[in-house]
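So the chains spell out like this:
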Amino acid sequence: MSSAIANSIQLLMEVSSIISKVIEFNEKVFGIEQRNGIVRIKIHRDVLPYVAQKLATTKGIYMRTMMASDERDLEGVYRLYYLFGIDREHINIVLEVAVPQEDPKVPTIVDIIKAADWYELEAHDMLGIEFIDRRLYRLVLPEDWPEKVYPLRKEYSVQDLMKLYRPKAVEYAKEIGAENIVVIPIGPYHPALHEPEFFEVYVSGERVIDAKYVGFMVHRGIEKLGENMKYDQVPFLAERICGICGFVHSTSYCQAVESALNTDVPERAQFIRSIILEIERIHSHLLWFGVALHLLGYDTGFMHSWRIREQVMVLAELLTGSRKTYGINVVGGVRRDIDNDKIRKAIEVLKNVEDEFKKLVEISINIPQVIARLKGTGVLPLGEAIALSLVGPTARGSGLDRDVRRDYPYAAYRYISFRVPTYSEGDNLARTLVRVDEVFESINMLYQLLDKVPSGEIRVESWTVEPYRLGVGSVEAPRGEVIHVLLTGRYSPYRWRVRAPTYQNLPAVSIMLKGVDLADVPLTIASIDPCFSCTDRAIVIDIGRSVIKTIPIEFLSLKGSKAIR
Amino acid sequence: MVKFLKILPIAIKTGTVTIKYPYQEPLITESFRGAIEIDPNKCVGCGACTRICPPKALTMTIESNTIILKYFVGRCIFCGMCADTCPEKAISITKEFELATGNIFDLYADVEHEVKTCPICGKTFITRKLSDKIISKVPDIPLETMDLCPDCRRKETLKKFIGVPE
Amino acid sequence: MAFIETISIGISMLLYIFFPPLLDGIERKIKAKIQTRYGPPTVFQTWYDIIKLISKELKIPPTLQYGVFLLTLAFSFVIVVLYLLSYIPVSLNIYMLTIVIILIVSLHSILAFVSILSSNPFSIIGIFRGLTIDIVNEMGFLTSILVYYLTIKTFNPSIKSFLLLLFSLLFVFIVSYVGSKRLPYDLHEAEPELASGSVIEFSGPILALYLYLHLIDRYTMVALPIAIGVAIGLQLSPLISLLLIHVIAVVIYVFFGVIAVLLGRSRIDIAVKTLMLIYLIIILLWIVVKLI
Ligand code: SF4
Ligand code: SF4
């Protein structure tokens, strides 16, 4: 215990030393402000790489998210908010960099912090900010998006953007006079597939040499949409960011608004939020467990896992009114209360789930094929996990002990005790076991939460908006940390930045895939539990002949005969 | 070694959990929120629900001399915010969720309201019911200007106080 | 040929033709029960599927023109195999057995060849995995039948003999299980998320024919060793032995069905290694027991 305290004191000193180091550039630092555990450091863009370097070398610091926002009508600048967190400290360090509108250029920090890669590309796509000394390419926007149209700039309304962009497929259909014919895109993004992601997997024989990810096929512009919705409507939109763990997004959003406005959420509401979050985690992990078994060909385990999950879904419906997208979060609390009768039923269901899941895990983990294909495949070393600022079970499976519930306590997690399961092997088995352990841990947490629910109001009477306040809300989703950063506006959020865990974790997949067998690719991709929690059809590219869409027949057959020899 | 056999007793004990839907009743708990139902008698056409509805499943349109409150269940996310908001408690949440249909018009439900037309400028501005409601709720409201649209009402009130400008 | 023998061959052939889809229906029902599902409405579902597929329009993909011809050829092979299988209880000798084995192996080759004709990159992954397993298993098949035949021919009620019988039985049934392309060795259809096997190239009547052939093949692979055993070991009247063969075959088939539900899918490298190892161990054990 005392070592933990010493540790945190040391970290705090490091933070203050960073701050003091930052202050060395006195005319380049415009101010430091501390409020609600958020340290805001306004710096000149020239010193960004230096400060980032200082932060990156500090132990336990990782990049949580970056928000780029268009504040030209306020101060005539774009502004970048780099958000860093420290493991086990409840501190967010925000580097604020103003970017003048006439010259929107910022030095890149990718070579210092790997995780910044996508954030910079996205800021370039959406706001037209140039990052110097790095390769910039389109990440989020489609290829046929018009040049020099940056959707998150305030001059474009959602309606404008919808008029501006028509996918080329429609034009083509007009050209051949086929407006009324339904166009079915066939290929890697086929609608019948689980999820519009796309991995290029380079194989030699059955062994994967490299893999590239191409994504953002369904960028829906939710952040932009949120800027036109009222505060109390956004939670319902946020909940639809993910089809499995939507509640984490609405909670995260509400927490961001509440933290920006200093709203005190009644304790009962905090407990209800925690209860629903944990129920969501159980159903999500059971779903994932089933899908993983299905990918390993053990469909019986898949069916039983989902059978057990069904009870949790019904329980969620009983408590909230919906099986999914519960729709009970509003800023300042929740909309549906729970009573003793429901608590009793919940405990009954949880007991049953605990019991059944324990048996199922024991059986399915011991299926010879399952264990053979989980153990030692898709290894992710701890060093890479730290370098990429990974989150959630993916990080914990590699021995990186990071959990927002403990590190940045929110909702009712500060009132209960729990364990954060970690495994150090970094393979698919470790990630599976992390999730399995978490299910039991969640059930344990739910017993405590359901037992301790305090009485009282479930939402604040009313709250008032103060514009241009910064708020951060983060939640440990089943897949890892979800973080929403928000700048308040008068009637709707002025800028709302969402970062889902998969955004942070996907770059790790390429590392895991190197050297695995082709047959284990789906499982390995699924092992980070990508949002929607399904895997994809991959295209196979033969390096030797550099031909796309061709399977190296010679290699495959060679493998076959080699194997026999 | 033979742990995988242990699934058999579990399967036997559990039996069959899937059901012959729709021939058997689906499981819905008492808290389930389905499509909403608007009671045309209670609704006064204030429009509060259309402003809160997150996906804009409820909309209001003015057509000649009626205001139509349109509910398109195809957009509805069954959140129940409208029911929470309605001052008249005209909206109730049903348990209806089997809404698939071959005819898109089955997905619409309309409540029509007679609209008030301003006798001076001819603008339509409010439903008659809402106006009646306001009259009944607010004591000593100036009845003579209640028929006018907000613009004309302001002008008329001004006229009363400072006289007709030449 | 005696009247009773002709009758029993006829009945047996009818059973061989009618049983496989029905057994598949039963297997699907069992699978559903173990997975706590309701499953297909009746055990005749596979039959209905095949009939429905046959009634669909005929679409021959350009790469499969020869494939269709080969499939019909395979069908005539199957009929001959079924006839010979039904004839086994009446009289069995090594020459006839050789013909049956040759026919079955060539049937497998034809089916494998048809699948290679596919030009779909996704299915080729699965096809080659399937072929790799097939090659291993086909060798296993040849050896196992030989070992089994030898064991039964020289059977006498002694412990050594029983041991030999046990090993050879194990051998033939493992081979016939792997040959049935059930889990964990259904690598032919590969990972549904990543790739498929040749089946995705077929549709309508061709798919029906392919499935039907595959199901009959599964059943014959189970029935063949039983037929040999019953014919040589028990020497009953043709009608009784034919009934006995089918009863045992059905029991074992259903048992295979239960096993398949309980396991996961293997990976090609693991699968080949495990199979080679198992076959090697069994053969060695058999030889060791035989020699002492
Ligand atoms: S809020 Fe209620 S009274 Fe107002 S328009 Fe909607 S349904 Fe009618
Ligand atoms: S239930 Fe929600 S989505 Fe449906 S009409 Fe009411 S407010 Fe709109």
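Read on for an overview of the structure. Predicted model, so just to flag it, every value in this text is computed and none were measured.

Next up on the list: the overall build of chain B. In terms of helices and strands, chain B carries 5 helices and 6 strands. Each helix and strand of chain B, ordered N terminal to C terminal, gives the series α-β-α-β-β-α-β-β-β-α-α. Burial statistics for chain B: of 166 residues in total, 35% are counted as buried. When the accessible surface of chain B is totalled, it reaches about 10,500 Å², and 59% of it is carbon and sulfur. Of the charged side chains in chain B, 23 are positive and 20 negative, and the gap between their average positions amounts to 9 Å.

This brings us to the overall build of chain A. Scanning chain A for helices and strands turns up 21 helices and 16 strands. For chain A, the proportion of its 565 residues judged to be buried stands at 61%. In chain A, 68% of the contacts between residues at least 6 apart in sequence involve partners at least 24 apart.

Further remarks concern the interface of chain C and chain B. Listed by partner, the interface residues are 8 residues for chain C and 11 residues for chain B. Contact between chain C and chain B buries roughly 840 Å² in total, counting both sides, with carbon and sulfur atoms accounting for 72%. The largest share of the area that chain C buries against chain B comes from T36, Y38 and L262 of chain C, three residues that together contribute 64% of it. In this structure, the connection of chain C to chain B is made through 0 salt bridges. Inspection of the chain C/chain B interface yields 4 residue pairs in polar contact (both at pLDDT 80 or more). When contributions to the side of chain C that touches chain B are tallied by element, the ones reaching two or more residues are α1 (3-34) and α8 (238-262) of chain C. Split by residue class, the side of chain C that touches chain B holds 5 nonpolar, 1 polar and 2 charged.

Moving on, we get to the site of ligand 2. As a matter of local geometry, ligand 2 sits amid 13 residues, with C53, C76, C79, G80 and C82 of chain B nearest to it. Here the shell around ligand 2 is built from residues that sort into 12 nonpolar, 1 polar and no charged.

Glancing now at the environment of R134 of chain A. Residues and elements named next belong to chain A. As for its position among the elements, R134 is in the loop between β7 (130-132) and α5 (158-164). A relative accessible area of 18% places R134 in the buried class. R134 sits 13 residues away from L121 along the chain, and the two C-alpha atoms are 9.9 Å apart. With residues up to four places along the chain from it excluded, the contact list for R134 reads T108, V110, D117, E120 and L121.

Membership of the largest hydrophobic core comes to 84 residues, with the highest contact counts inside it found for L92, I133, L224 and I228 of chain C. Ranked by the residues each element gives to this core, the list is headed by helix α7 (residues 204-234) of chain C, at 19 residues. Of all hydrophobic cores here, the second largest spans 80 residues; its members include I276, I282, L295 and L318 of chain A.

Here the focus is the side chain of S259 of chain A. Residue and element names in this part refer to chain A. Checked against the element boundaries, S259 lands in helix α9 (residues 246-261). Polar contacts involving the side chain of S259 include one to the main-chain amide nitrogen of V472, which spans 3.1 Å. In this structure S259 touches R35, N36, G471 and V472, once residues within four positions along its chain are discounted.

Once that is clear, we can look at the sheet that holds strand β12 (residues 470-477) of chain A. Residues and elements named next belong to chain A. Strand order in this open sheet of 3 strands is β12-β13-β14, and the pairing throughout is antiparallel. Each having just a single partner strand, β12 and β14 (495-499) make up the two edges of the open sheet. Neighbour to neighbour, the strand axes of the sheet diverge by 10° on average, direction disregarded. Relative to strand β13 (residues 480-487), β12 is paired through 8 bridges, and the arrangement is antiparallel. Note that in β13 the partner of L470 across the bridge is L487. Packing against the sheet, α9 makes contact with β12, β13 and β14, and its axis sits at approximately 150° to β12.

What counts and how
Residues numbered from 1 in each chain as written. Chains lettered and ligands numbered in written order. Predicted model: local features only at pLDDT ≥ 70, side-chain atom pairs only at ≥ 80, totals over all residues. Heavy atoms only, no water. Helix = DSSP H or I, 4+ residues; strand = E, 2+ residues; numbered from the N terminus. Buried < 20%, exposed > 50% of the residue type's maximum accessible area, 1.4 Å probe, protein only. Areas by Shrake-Rupley, 256 points an atom, 1.4 Å probe, with all protein chains shown as cover. Lys, Arg positive; Asp, Glu negative; His and termini not counted. Charge placed at Lys NZ, Arg CZ, Asp CG, Glu CD. Contact = heavy atoms within 4.5 Å. Buried area = accessible area lost by both parts, 1.4 Å probe. Salt bridge = Lys/Arg side-chain N within 4 Å of Asp/Glu carboxyl O. Polar contact = N/O pair within 3.5 Å; in protein donor to acceptor, adjacent residues only side chain to side chain. Nonpolar A, V, L, I, M, F, W, Y, C, P; charged D, E, K, R; others polar. Near = heavy atom within 4 Å. Core = buried A, V, L, I, M, F, W, Y, C linked by side-chain atoms within 4.5 Å. Pairing = 2+ DSSP bridges. Axes fitted to C-alpha atoms, helices over the stretch in contact; angles between N-to-C directions.

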